[in-house]
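Structural overview for review
Chain residues, written in single-letter form:
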Amino acid sequence: MTRAGGGLRGLRPTAKVLPEHARSHNRSLVLQQLYRTEGLSRADIARSTGLTRVTISDLVGELIGEGLITELGQREDARPGKPATLLALNVHAFHLIGMDLSDKVAFHAARFDLGGTIIERISAPRGTAVGEDALEIVYALVERLLRDETSPILGIGVGSPGVVDGEGRIRTAPNLGWHDLPLRDLLAERFELPVTVANDANAAVLAEHTFGSQDAASDLILIQIGAGVGAGLIVDGAPVSGSRSAAGEIGHVVVGTDGGPRCACGKDGCVEAWVAAGRLAEQLEQAADPAAAEALLAAAGERLGIALAPVVGVLNLSEIVLSGPTTLLEGAFADAVLETIRQRTISDIHAELTLRMTALGQDIVLRGAAVLVLSGQLGVS
Ligand SMILES: [Zn+2]
């Protein structure tokens with residue numbers, strides 16, 4: 001059985017494997033095989049990883065000892081010799097917690113099993129809470145999930161709005177009133193668990209890459225359109241975070257030289273000022289008829305396309321995924337984005353460019369937060 005409709009794809013490791021890390025790297029390789037496919041023998045894993053049978057037997061023994069892998073029984077086949085024992089990831093050996101702090105109205109959290117399936121999901125209204133008050137809501141959600149937990153917890157993953165550095169510190173999240181907040185360390189100390197914090201769009205693109213469409217490419221930009229506009233990037237199979245942890249911050253890039261709506265940041269004509277979900281919805285309310293509504297959405301889509309064209313051209317991206325309210329983004333808006341990019345890039349090179357809505361819906365950041373823990377703690381994705 002393959003999980004998630006066969007759409008799981010691993011991330012390319014971003015660092016070189018040093019000899020002292022070889023064992024944990026090899027452990028991850030074994031787990032990765034079983035994360036994707038249930039019911040493999042030791043020989044299957046040796047073949048697909050290129051590791052020796054002895055190494056695999058040794059690692060599998062260790063992982064069975066830790067409860068991460070179980071033996072399913074023997075393969076029923078007609079091959080000569082001793083039938084192979086099939087192995088599977090024990091998805092309940094550990095559970096993990098994922099959090100989505102990107103929704104303006106409420107914070108969301110869920111318990112996952114190791115296969116990435118949601119076991120329990122809870123939310124807490126945010127109201128007007130900012131700063132320390134917003135942080136207290138985050139703590140309370142984790143406490144509620146831990147209260148009923150029976151499996152050991154592998155870790156906590158958090159998708160937060162704003163700029164998040166590699167140490168899980170929120171450099172700035174104006175909507176939440178967080179500046180230089182060491183969220184990772186605060187959660188890790190309080191709950192004594194490994195914690196990974198990433199920008200919400202960066203978490204979302206991990207979810208898309210791991211659980212999204214089966215034939216998705218290894219070069220991917222995910223545009224998240226909600227209260228703000230953000231982007232997550234995977235280039236050549238590896239997530240891109242940027243030298244100042246702010247890669248994908250496309251929301252406050254000004255589009256064009258003709259001014260435009262005033263943005264919350266003070267500039268005129270930022271991507272966010274053109275295409276944030278609230279503005280699109282407001283405009284549609286004022287549209288006289290369906291044709292006028294389509295024209296408004298197409299004009300906004302064109303603005304996003306103008307901003308994306310140089311990114312697609314420079315990085316030679318093959319896939320754009322939109323995440324946000326489908327009623328606004330599907331149709332005229334999405335068509336205009338793609339058409340504009342096509343017009344503005346070399347058609348031969350970008351003929352294969354595709355644009356689609358995410359299939360993960362509203363859970364995309366939550367599921368991305370789970371991928372942060374799985375890839376960080378077990379090396380699987
Ligand atoms: Zn702006």
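It should be noted that the structure appears before, not after, this text.
In this text the structure is predicted, and so the values were computed from the model without any measurement.

A tally of helices and strands in the protein yields 13 helices and 15 strands. Referenced to the eigenvectors of the C-alpha coordinate spread, the extents of the protein come out at roughly 75 × 50 × 40 Å. Out of the 381 residues in the protein, the part that is buried amounts to 50%. Counting contacts in the protein only where the partners sit at least 6 residues apart, residues at least 24 apart contribute 63% of the total. In the form shown here, the protein has an accessible surface area of approximately 17300 Å², with 51% of it arising from carbon and sulfur atoms. For the protein, the distance from the average position of its 32 positive side-chain charges to the average position of its 46 negative side-chain charges is 5 Å.

With that settled, the discussion passes to the sheet that holds strand β13 (residues 238-240). Consider a sheet: its strands pair through backbone hydrogen bonds, and that pairing is either parallel or antiparallel. In space, the 5 strands of this open sheet follow the order β13-β12-β11-β14-β15, with mixed pairing throughout. Edge strands, defined here as strands with exactly one partner in the open sheet, are β13 and β15 (354-357). This sheet shows a mean twist of 20° between the axes of neighbouring strands, independent of strand direction. Relative to β15, strand β14 (residues 319-323) is paired through 4 bridges, and the arrangement is parallel. Along β15, the bridge assignment pairs Leu322 with Met357.

Our next topic: the environment of Thr257. Relative to the helices and strands, Thr257 resides in the loop between β13 and α7 (271-275). A relative accessible area of 86% means that Thr257 is categorised as exposed.

Protein-derived ligands of the zinc ion are His252 (ND1), Cys263 (SG), Cys265 (SG) and Cys270 (SG), with the metal-ligand distances lying across 2.1 to 2.3 Å. In this structure, the zinc ion is coordinated by 4 donor atoms arranged in tetrahedral fashion, with angles at the metal of 99 to 124°. The motif formed by the donor residues of the zinc ion, counted along the single chain, is H-x10-C-x1-C-x4-C. Here His252 is found in the loop between β13 and α7, whereas its partner Cys270 is found in the loop between β13 and α7, with 18 residues between them in sequence. When its relative accessible area of 32% is taken as the criterion, His252 is described as partly exposed.

For the rest of this paragraph, the subject is the side chain of Asp44. Mapped onto the elements of the fold, Asp44 is located in helix α2 (residues 42-49). Here Ser41 takes part through its backbone nitrogen, which lies 2.8 Å from a polar atom of the side chain of Asp44.

Positive phi, normally seen in glycine, also occurs at Glu192, with a value near 50°. The topology assignment puts Glu192 in the loop between α5 (183-191) and β10 (195-199). Positive phi is not limited to glycine here, since Asp236 has a value of about 55°. With respect to the element layout, Asp236 can be found in the loop between β12 (229-235) and β13.

Strand order in this open sheet of 5 strands is β5-β4-β3-β6-β10, and the pairing throughout is mixed. Pairing within the sheet leaves two strands with one partner each, and these edge strands are β5 (118-125) and β10. Averaged over all neighbouring strand pairs, the angle between strand axes comes to 15°, with direction disregarded. Direction of pairing for strand β3 (residues 95-100) relative to strand β6 (residues 153-160): parallel, over a ladder of 5 bridges. Each bridged residue has a counterpart across the sheet, and for Asp100 the counterpart in β6 is Gly159. The strands touched by α5 are β6 and β10; relative to β10, the strand with the most contacts, the crossing angle is about 155°.

Reading the values: the criteria
Residues numbered from 1 in each chain as written. Predicted model: local features only at pLDDT ≥ 70, side-chain atom pairs only at ≥ 80, totals over all residues. Heavy atoms only, no water. Helix = DSSP H or I, 4+ residues; strand = E, 2+ residues; numbered from the N terminus. Buried < 20%, exposed > 50% of the residue type's maximum accessible area, 1.4 Å probe, protein only. Contact = heavy atoms within 4.5 Å. Areas by Shrake-Rupley, 256 points an atom, 1.4 Å probe, with all protein chains shown as cover. Lys, Arg positive; Asp, Glu negative; His and termini not counted. Charge placed at Lys NZ, Arg CZ, Asp CG, Glu CD. Pairing = 2+ DSSP bridges. Axes fitted to C-alpha atoms, helices over the stretch in contact; angles between N-to-C directions. Donors = N, O, S within 2.8 Å, 3.2 Å for Na, K, Ca; no water. Tetrahedral: all angles 85-135°; square planar, octahedral: opposite > 155°, others 65-115°. Polar contact = N/O pair within 3.5 Å; in protein donor to acceptor, adjacent residues only side chain to side chain.

Geometric values such as these leave the question of function open.
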